[in-house]
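What follows is the residue order along each chain.
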Amino acid sequence: MYPPYHSPSRNIGSRFIQIAEVFHQLRNFHSGFAILSTLCKSPVERVKITWSRIPKSRRRTFRNLCELLSGQDSFKTLRELMDSSRGLCIPYTRTALEGRH
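Residues numbered from 1 in each chain as written. Predicted model: local features only at pLDDT ≥ 70, side-chain atom pairs only at ≥ 80, totals over all residues. Heavy atoms only, no water.

Asker: What is the right way to read the overall build of the protein chain from this model?
Answerer: Within the protein chain one finds seven helices and zero strands. Within the span of the protein chain, comprising 101 residues, buried residues form 28% of the whole. Of the contacts made within the protein chain by residues no fewer than 6 positions apart, 56% connect residues no fewer than 24 positions apart. Summing over all exposed atoms, the protein chain offers an accessible surface of approximately 7100 Å²; the carbon and sulfur share of this is 55%. (Helix = DSSP H or I, 4+ residues; strand = E, 2+ residues; numbered from the N terminus. Buried < 20%, exposed > 50% of the residue type's maximum accessible area, 1.4 Å probe, protein only. Contact = heavy atoms within 4.5 Å. Areas by Shrake-Rupley, 256 points an atom, 1.4 Å probe, with all protein chains shown as cover.)

Here you go:
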């Protein structure tokens with residue numbers, strides 16, 4: 001058995017959140033959204049013990065990224081971020097294919 005602070009699932013969950021944050025910094029919104037949407041799936045969310053072992057700062061990062069990539073108002077926050085991005089970005093495909101209103 002692993003001690004709680006060496007839990008493999010804790011490390012994996014924390015690492016995926018970190019990877020999603022790097023994708024966000026690189027403006028690769030499509031890949032970041034793929035990771036975040038997977039972490040939000042019911043089977044993953046139900047593993048409360050694993051989530052409780054992820055550091056609070058990493059969980060806060062996860063919540064902030066989820067808010068940014070929220071589908072609310074046709075991904076308004078994400079669209080605004082992509083519009084204000086300087087340089088290139090890899091958009092979330094759904095927002096790139098939908099017409100802007």
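Asker: Before we go on, may I ask you to explain the pattern of salt bridges in this structure?
Answerer: The final tally for this structure, using the stated rule, is one salt bridge. The shortest N-O distance in the salt bridge between Glu-21 and Arg-58 comes to 3.9 Å. Here the residue Glu-21 occupies a position in helix α1 (residues 8-25), and Arg-58 occupies one in helix α5 (residues 56-68), the gap between them amounting to 37 residues. Residue Glu-21 is classed as partly exposed on the basis of its relative accessible area, which comes to 24%. Given the relative accessible area of 22%, Arg-58 is considered partly exposed. (Salt bridge = Lys/Arg side-chain N within 4 Å of Asp/Glu carboxyl O.)

Asker: I tried to follow the packing of aromatic side chains on my own but got confused; where do I start?
Answerer: Aromatic rings in a pair are described by how distant their centres are and how their planes are angled relative to each other. What the rule picks out here adds up to one aromatic pair. A ring pair is formed by Trp-51 and Phe-62, whose centres lie 5.0 Å apart and whose planes are at 40°; its orientation type is tilted. Highlighted residues: Trp-51 in helix α4 (residues 48-53) and Phe-62 in helix α5, separated in sequence by 11 residues. For the pair Trp-51 and Phe-62, one class covers both residues: buried. (Phe/Tyr/Trp six-rings, centres within 6.5 Å; stacked < 30°, edge-to-face > 60°.)

Asker: Looking at this structure, how should I read unusual backbone geometry?
Answerer: Negative phi characterises most residues that are not glycine, and trans characterises most peptide bonds. Notably, Arg-27 is not glycine yet its phi reads approximately 60°, a positive angle. Position of Arg-27 relative to the elements: it lies in the loop between α1 and α2 (29-39).

Asker: What am I meant to see in the environment of Cys-89 here?
Answerer: Among the secondary structure elements, Cys-89 is positioned in the loop between α6 (72-84) and α7 (93-97). Residue Cys-89 is classed as partly exposed on the basis of its relative accessible area of 27%. Separated by 63 residues in sequence, Cys-89 and Leu-26 have C-alpha atoms that sit 7.5 Å apart. Not counting residues up to four positions away in its chain, the partners in contact with Cys-89 are Arg-27, Phe-29 and Met-82.

Asker: How should I be thinking about α2 in this particular structure?
Answerer: In an α-helix, one full turn covers 3.6 residues, which means residues spaced three or four apart are oriented alike. Phe-29, Gly-32, Phe-33, Ile-35, Leu-36 and Leu-39 are the residues of α2 that are buried. One side of α2 holds all its buried residues, which, seen down the axis, span an arc of 165°. (Arc of directions from axis to C-beta.)

Asker: Just checking my understanding: could you explain the nonpolar core for this structure?
Answerer: Within soluble globular proteins, side chains that are nonpolar generally end up buried alongside one another. Ranked by internal contacts, the top residues of the largest apolar core, which has 16 residues, are Ile-17, Leu-36, Leu-39, Trp-51, Phe-62, Leu-69 and Leu-78. Elements supplying a minimum of two residues to this core: α1, α2, α5 and α6. In terms of residue count, α2 provides more of this core than any other element does, five residues in total. (Core = buried A, V, L, I, M, F, W, Y, C linked by side-chain atoms within 4.5 Å.)

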